[in-house]
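Coordinate inspection notes
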Amino acid sequence: MPDHKSDRSSGPSRRQFLATTTALAGAATIGFPSSAKAAPKRGGTLRLGSRSDANGLDPHRNIQYYVSTPLAVTTQGLLDINAGLEPVPGIAREWESSEDLLTYTFRLHKDVEFHNGRTIDAEAVKWNFERILDPKIGHAFTRSSLTDIKEMAVVDKETLRVVLKAPNGAFPNDVTYYPCNLIAPDSAGQADTHPIGCGPFKFKSWTHWNKTEAVRFENYFETDKDGNRLPYLDTILGLPKKEDRVRLTAIRTGEIDLIDSVSYADAADFRKQYKGTHDTWEVEQVGGAWIGFNLKNGPFSYTNPNGHLLRQAAAHAVDRNAIHEAVFYGLGKILTGFYGPASPWHMAGAKSWPEYDPEKSKFLLRKANAHNTPVTLLSRPEFNYMNQTGELVHAMWSEVGFKVNYEIHPEAVIREKYRKGEYDAESTASSYRGDPDGWFGRNLLSSAPEGQLRIGYKNEAVDKLITTALGTSDRKKRMELYAAVEGHVNTDLPLLYTHTVPLLQARSTKLNYSPSPFGPMSFAGGGVRSAHFA
């Protein structure tokens, strides 16, 4: 495989990147226009080429992924995120917690509106959270953000008090716009056809895997540092393109202005050939890739007395260096836990996973008398790295003695297979979490809806560690507790961490755009909100 390390010097260093994006994000404020200086040029249509699209319009039933789903630009939450994915004021101008981290009080901006002109008040926020918590409506991932809520009280029109079931120092992260965005209560009946949100752009039209059109919300509450109302752009056209080469051709030829992902195979050449007409930047981790096991039924599960032995055999068969080179072309990092080296939550001292040793894998299969054990491995079609990792794992497991059936299905089919238990493992990934509980509490805690649906991991010691970490605000202590969780995960093997999910993003030099080091296209003071054409 080619060595791309020398090409990375053409972009800014991570330190420079973080410093720049933090400064840019800090240049915007939340408020209303006053006497303003000359703002960047208003108007224009930004054509966004993305590698994925929404599965549906209702943002409570569907995840609007903030890196690659164009509809994400129409959303906003009780709290917003900054360039580093930390919670900052959004619809709520401020918040505070009790010392025991059981009660949070949010104070909302006055006269902030939904896209249909209805005022966003505390009652509307409460209604949104109740709708998300309805298991017949809320997506399991979104719902898991709010399951700690015990009760909510509307103190007055602009004040919402939330009481939790247990101490939760990460709750502000849970109520940011990803994934808990807000819709107008009087628009629930049209949420599947024409959602009414409160983000910087408002919904106009959507055709699945064809085009998303969103137009500037003139009454959006955020302003730049000079008091000029954001966003600057008139329109965003989302033009999703599954195929990497089609997406790349579109930005090369000027069909699109911004691309959320250049394929790993094309990254080095694109940087060299189009340096004068396009700017690029590497996003070091938009997520973590992993191989998840079904622990509820099947050969890897708790129901099989040799389930752990088979998971060990599967782990020893996976060559992560091969994945690093063949799938990611040397970009990003091999993972030993959910957070890579670029993250402030990286846990360098945590116990690692079983080393690559195919002979040991074969020995363990013989020990379990499990040679030719049938295994169904799943993946999704939207992300090539998932498919390609799945293909490699298919080959690696087949080589040591598993009989692997590899299937690629859309999200709806895969979630149905989760419910029916019609799979044994999956090649997948999860988006980066600004707070670790967003990963551990939603996927590895035994009571988490998403974890129950997908993996079914049960470990009382892990539950206690995650709960304890959530109940403290001491960052050092939390790091120690989560590192201990990673040690359990890499021993119990409910999943195998494989690799960070990096991105190489690119834009036309005609477009002024301040990116986040973690990939979201919309964040306080940056991304599409402050984007403008020269």
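For clarity, every value in this text was computed on a predicted model and none was experimentally measured.

1. Examining the overall build of the protein chain
- Per the secondary structure count, the protein chain includes 15 helices and 22 strands.
- In terms of overall dimensions, the protein chain is globule-like: its C-alpha atoms have a radius of gyration of 23 Å, near the 24 Å expected for 534 residues.
- Taking the principal axes of the C-alpha coordinates as reference, the protein chain spans close to 75 × 55 × 45 Å.
- When the 534 residues of the protein chain are sorted by exposure, 60% land in the buried category.

2. Focus on the environment of Asp-474
- Among the structural elements, Asp-474 can be located in the loop between α14 (460–470) and α15 (475–492).
- Residues Asp-474 and Leu-444, spaced 30 residues apart in sequence, show a C-alpha to C-alpha distance of 21 Å.
- A distance of 3.1 Å separates a polar atom in the side chain of Asp-474 from the backbone nitrogen of Lys-477.

3. Let's talk about the sheet that holds strand β6 (residues 103–108)
- If you walk across this open sheet you meet the four strands as β5-β6-β8-β7, and the pairing is antiparallel. What marks the edges here is a single partner per strand, and that holds for β5 (92–97) and β7 (149–156). Geometrically, the sheet is characterised by an average inter-axis angle of 20° between neighbouring strands, direction not taken into account.
- Along the sheet, helix α2 (residues 122–133) makes contact with β6, β7 and β8 (159–164), crossing β7 at roughly 165°.

4. Quick notes on the nonpolar core
- With 106 residues, the main nonpolar core has Tyr-385, Trp-397, Phe-402, Phe-440 and Tyr-497 as its most contacted residues.
- Ignoring anything within four residues of it in the chain, the contact list for Phe-402 reads Phe-300, Leu-310, Ala-313, Ala-314, Leu-365, Thr-373, Val-375 and Trp-397.
- Core analysis: the next-biggest nonpolar cluster, separate from the first, contains 32 residues, Ile-91, Ala-122, Ala-124 and Ile-196 among them.

5. Some details on empty space enclosed by the protein
- In the structure shown here, the tally under the stated rule is five cavities of 30 Å³ or more.
- In this structure, the largest cavity encloses a volume near 170 Å³.
- Mapped onto the lining of the largest cavity, the elements with two or more residues apiece are α4 (171–174) and α12 (437–443).
- Here the lining of the largest cavity takes three residues from α12, the largest share from any one element.
- Counted by class, the lining of the largest cavity contains seven nonpolar, four polar and five charged residues.

6. A look at the packing of helix α7 (residues 307–316) against helix α9 (residues 358–367)
- Remark: α7 packs on α9, axes separated minimally by 7 Å, with the N-to-C direction vectors making an angle of 160°. In terms of their interaxial angle, α7 and α9 are classed as roughly antiparallel. For the element pair α7 and α9, the recorded crossing hand is left-handed. Taken together, the residues of α9 that come into contact with α7 (itself represented by Leu-309, Leu-310, Gln-312, Ala-313, Ala-314 and His-316) are Pro-358, Lys-360, Ser-361, Leu-364, Leu-365 and Lys-367.
- For the contact of α7 with α9, the residue count by class is seven nonpolar, three polar and two charged.

7. Some points on the environment of Glu-426
- Positionally, Glu-426 belongs in strand β17 (residues 425–431).
- The exposure class assigned to Glu-426 is buried, which follows from its relative accessible area of 2%.
- Taking the C-alpha atoms as reference, Glu-426 lies 40 Å from Phe-217; in sequence the two are 209 residues apart.
- Leave out the neighbours within four places in its chain, and Glu-426 touches Trp-290, Ile-291, Gly-292, Leu-377, Leu-378, Arg-380, Tyr-418 and Arg-454.

8. Overview of α15
- For α15, spanning 18 residues, the distance from its first C-alpha to its last is 25 Å, which sits close to the expected 26 Å at 1.5 Å a residue.
- Buried within α15 we find Arg-478, Met-479, Leu-481, Tyr-482, Val-485, Glu-486, Gly-487, Val-489, Asn-490 and Asp-492.
- Packed against the buried residues of α15 are α7, α12, α14 and β18 (495–508).
- Remark: Leu-493 follows α15 within two positions and exhibits a positive phi of approximately 60°.

9. Side note on the packing of aromatic side chains
- In the structure shown here, the tally under the stated rule is 27 aromatic pairs.
- A centroid spacing of 4.6 Å and a plane angle of 55° characterise the contact between Phe-293 and Phe-300, whose relative ring orientation is tilted. Judged on exposure class, the residue Phe-293 and its partner Phe-300 are both buried.
- Plain terms: the ring middles of Tyr-339 and Tyr-432 are 5.4 Å apart, the flat faces sit at 85° to each other, and that makes the pair edge-to-face. Within this pair, whereas Tyr-339 is found in the loop between α8 (320–326) and α9, its partner Tyr-432 is found in the loop between β17 and α12, the two being separated by 93 residues in sequence.
- Here the basic side chain of Arg-320 rests over the ring of Trp-353, its NZ or CZ set 3.6 Å away from the ring centre.
- In this structure, Arg-475 packs its charged tip against the face of Trp-345, placed 3.9 Å from the ring centre.

10. Topic: the confidence of the model for the protein chain
- Per-residue confidence for the protein chain gives a mean pLDDT of 92; residues scoring 70 or more make up 93%.
- In this model residues 1–37 is a low-confidence stretch, pLDDT under 50, and it forms 67 contacts with partners more than four residues away in sequence or in other chains.

11. Quick look at the layout of surface pockets
- Of the pockets and cavities examined, the largest pocket occupies roughly 770 Å³.
- Taken together, 33 residues line the largest pocket, and the ones lying closest to its centre are Asn-55, Ile-63, Arg-380, Phe-383 and Glu-411.
- Breaking the lining of the largest pocket down by element, the ones donating at least two residues are β14 (278–293), α10 (384–400), α11 (411–420), β17 and α13 (449–454).
- If one sorts the elements of the lining of the largest pocket by residue count, β17 sits on top with four residues.
- Residue composition of the lining of the largest pocket, by class: 13 nonpolar, 10 polar and 10 charged.

12. A closer look at the packing of α14 against α15
- Two elements in contact, α14 and α15, have axes whose closest approach is 9 Å; the angle formed by their N-to-C orientations is 160°. Relative to α15, the element α14 is oriented roughly antiparallel. The handedness of the crossing between α14 and α15 comes out as left-handed. For the pair α14 and α15, contact is made by Ala-461, Val-462, Leu-465, Ile-466, Thr-468, Ala-469 and Leu-470 and by Arg-478, Leu-481, Tyr-482, Ala-484, Val-485 and His-488, respectively.
- The residue inventory of the contact of α14 with α15, partitioned by class, reads 10 nonpolar, two polar and one charged.

The rules behind each value
Residues numbered from 1 in each chain as written. Predicted model: local features only at pLDDT ≥ 70, side-chain atom pairs only at ≥ 80, totals over all residues. Heavy atoms only, no water. Helix = DSSP H or I, 4+ residues; strand = E, 2+ residues; numbered from the N terminus. Rg over C-alpha atoms; globule rule 2.2 N^0.38 Å. Buried < 20%, exposed > 50% of the residue type's maximum accessible area, 1.4 Å probe, protein only. Polar contact = N/O pair within 3.5 Å; in protein donor to acceptor, adjacent residues only side chain to side chain. Pairing = 2+ DSSP bridges. Axes fitted to C-alpha atoms, helices over the stretch in contact; angles between N-to-C directions. Contact = heavy atoms within 4.5 Å. Core = buried A, V, L, I, M, F, W, Y, C linked by side-chain atoms within 4.5 Å. 1 Å grid on protein atoms, 1.4 Å probe; cavity = no way out; pocket = protein on both sides within 12 Å on 5 of 7 lines; lining within 4 Å. Points joined across faces, edges and corners; volume = space filled by probe spheres on them. Nonpolar A, V, L, I, M, F, W, Y, C, P; charged D, E, K, R; others polar. Parallel < 35°, antiparallel > 145°, perpendicular 65-115°, else oblique. Left-handed = near helix turned anticlockwise from the far one by under 90°. Expected span 1.5 Å × (residues − 1). Phe/Tyr/Trp six-rings, centres within 6.5 Å; stacked < 30°, edge-to-face > 60°. Lys NZ or Arg CZ within 6 Å of the ring centre and 35° of its normal. pLDDT = per-residue confidence, 0-100.

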